[in-house]
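These are the residues of each chain, in order.
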Amino acid sequence: EKYGGDLPKTMKELTSLPGVGTKSAAFLMMTCWEQVEALKVDVHIHRVCNRLGWVSTTNEEKTRLELESWLPRSHWGVDGLK
């Protein structure tokens, strides 16, 4: 009701919804509005990035934040890393 039956259009609004985390919000932003606001990092990306030595993190959210701190935004594709 708050959004008139539509999805919120910002990461902050999306993540304020119950059960919607950063990865889901990033996916919705990319899919619905073709806006890349954050990297989508799942357990597989997390593990590969740690094994490659790109990050040294303990969970997907920390991996996302670490990658976003140094990976150029031009490589954050709608379909994942470019």
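My aim in this report is to walk through the structure given alongside it, one point at a time. What you see is a predicted model; the values in this text were computed from it and never measured.

Rules and cut-offs
- Residues numbered from 1 in each chain as written.
- Predicted model: local features only at pLDDT ≥ 70, side-chain atom pairs only at ≥ 80, totals over all residues.
- Heavy atoms only, no water.
- Core = buried A, V, L, I, M, F, W, Y, C linked by side-chain atoms within 4.5 Å.
- Buried < 20%, exposed > 50% of the residue type's maximum accessible area, 1.4 Å probe, protein only.
- Helix = DSSP H or I, 4+ residues; strand = E, 2+ residues; numbered from the N terminus.
- Polar contact = N/O pair within 3.5 Å; in protein donor to acceptor, adjacent residues only side chain to side chain.
- Salt bridge = Lys/Arg side-chain N within 4 Å of Asp/Glu carboxyl O.
- Axes fitted to C-alpha atoms, helices over the stretch in contact; angles between N-to-C directions.
- Parallel < 35°, antiparallel > 145°, perpendicular 65-115°, else oblique.
- Left-handed = near helix turned anticlockwise from the far one by under 90°.
- Contact = heavy atoms within 4.5 Å.
- Nonpolar A, V, L, I, M, F, W, Y, C, P; charged D, E, K, R; others polar.

The next subject is the nonpolar core. Core analysis: the largest hydrophobic core is formed by 16 residues, its most contacted members being Met 11, Leu 14, Ala 25, Ala 26, Leu 39, Leu 67 and Trp 76. Breaking this core down by element, the ones donating at least two residues are α1 (11–15) and α2 (22–33).

What follows concerns helix α3 (residues 43–51). Capping the start of α3, Asp 42 holds a side-chain oxygen 3.0 Å from the backbone nitrogen of His 44, two or three residues further along. Positive phi shows up at Gly 53, right after α3, with a value of about 80°.

This brings us to the pattern of salt bridges. Side-chain pairs of opposite charge can arise where the charged atoms are in close proximity. The tally for this structure, following the rule as stated, stands at 3 salt bridges. With a shortest N-O distance of 2.8 Å, Lys 9 and Asp 6 are connected by a salt bridge. Note that Arg 64 and Glu 61 form a salt bridge whose closest N and O atoms lie 2.5 Å from each other. Of this pair, Arg 64 and Glu 61 both sit in helix α4 (residues 60–70), 3 residues apart, roughly one helical turn. Residue Arg 64 is classed as buried on the basis of its relative accessible area of 9%.

A pair of packed helices can be characterised by two numbers: the angle between their axes and the separation between those axes. For the pair α3 and α4, the least separation of the axes is 9 Å and the interaxial angle reads 60°. Accordingly, the angle class assigned to the pair α3 and α4 is oblique. As α3 runs across α4, the sense of the crossing is left-handed. In this structure, α3 uses Val 43, His 46, Cys 49 and Asn 50 to contact α4, whose residues at the interface are Glu 60, Thr 63 and Leu 67. Its residues assigned to classes, the contact of α3 with α4 comprises 3 nonpolar, 3 polar and 1 charged.

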